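# Coordinates in review
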Amino acid sequence: MIPVIGVLDVSMLVVVTETVPPRLRGRLAIWLLEVRAGVYVGDVSRRIREMIWEQITVLAEEGNVVMAWATNTESGFDFITYGKNRRMPIDFDGLRLVRFLPEGES
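A brief look at the structure comes next.

What counts as what
Residues numbered from 1 in each chain as written. Predicted model: local features only at pLDDT ≥ 70, side-chain atom pairs only at ≥ 80, totals over all residues. Heavy atoms only, no water. Pairing = 2+ DSSP bridges. Helix = DSSP H or I, 4+ residues; strand = E, 2+ residues; numbered from the N terminus. Axes fitted to C-alpha atoms, helices over the stretch in contact; angles between N-to-C directions. Contact = heavy atoms within 4.5 Å. Salt bridge = Lys/Arg side-chain N within 4 Å of Asp/Glu carboxyl O. Buried < 20%, exposed > 50% of the residue type's maximum accessible area, 1.4 Å probe, protein only.

## Thoughts on the sheet that holds strand E1 (residues 10–18)
As summarised here, the arrangement of the 5 strands in space is E2-E3-E1-E4-E5, forming an open sheet in which the pairing is antiparallel. If you trace the sheet from one side to the other, it starts and ends with strand E2 (33–36) and strand E5 (77–82), each paired once. Put simply, the sheet's adjacent strands are angled 25 degrees from each other on average, direction ignored. Sheet topology note: the E1/strand E3 (residues 39–45) ladder contains 7 bridges and is antiparallel. The residue bridging Val15 from the neighbouring strand is Tyr40, located in E3. Running over the sheet, helix H1 (residues 22–31) touches E1, E2 and E3 and is turned about 45 degrees from E3. Against the sheet, helix H2 (residues 46–59) engages E1, E3, strand E4 (64–70) and E5, with an angle of about 140 degrees to E3.

Right under this line is the structure:
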């Protein structure tokens, strides 16, 4: 097989936002396609994904965000969250799962 030079290793990225400032939504729209209000998708490199997450942590203020991307794990994806939410990511024997907190404890 002939190696391809100059091709970036990209993966599918999904970002879902709730109650974030318009400037963050605009910043996300530079890199990703907004397919529904607050739902962004695209194919990006790891470097761009990390830059997007940095922008999210700086600009999200009191909002909450989840970012999920394709990877070569057991589940086929990984995700991280920002802000207060009843859904909390946990690690269970190497699998990323979501735990629900009781109402009022977010």
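## Considerations on the pairing of strand E6 (residues 87–92)
Looking along a regular strand, one sees the side chains alternate between the two faces of the sheet. With 6 bridges connecting them, E6 and strand E7 (residues 95–100) associate as antiparallel partners. Within the sheet, the bridge partner assigned to Phe92 lies in E7 and is Leu95. Adjacent in sequence and paired antiparallel, E6 and E7 are bridged by 2 residues, among which Asp93 carries a positive phi angle near 50 degrees.

## Structural notes on the pattern of salt bridges
Summed over the entire model, instances satisfying the criterion amount to 4 salt bridges. Taking the shortest distance from any N to any O, the salt bridge between Glu61 and Arg23 comes out at 2.3 Å. With Glu61 in the loop between H2 and E4 and Arg23 in helix H1, the pair connects residues that are 38 residues apart, well separated along the chain. Overall, Glu61 belongs to the partly exposed group, its relative accessible area being 43%. Among the ionic pairs, Glu50 bridges to Arg46, the shortest N-O distance being 2.9 Å.

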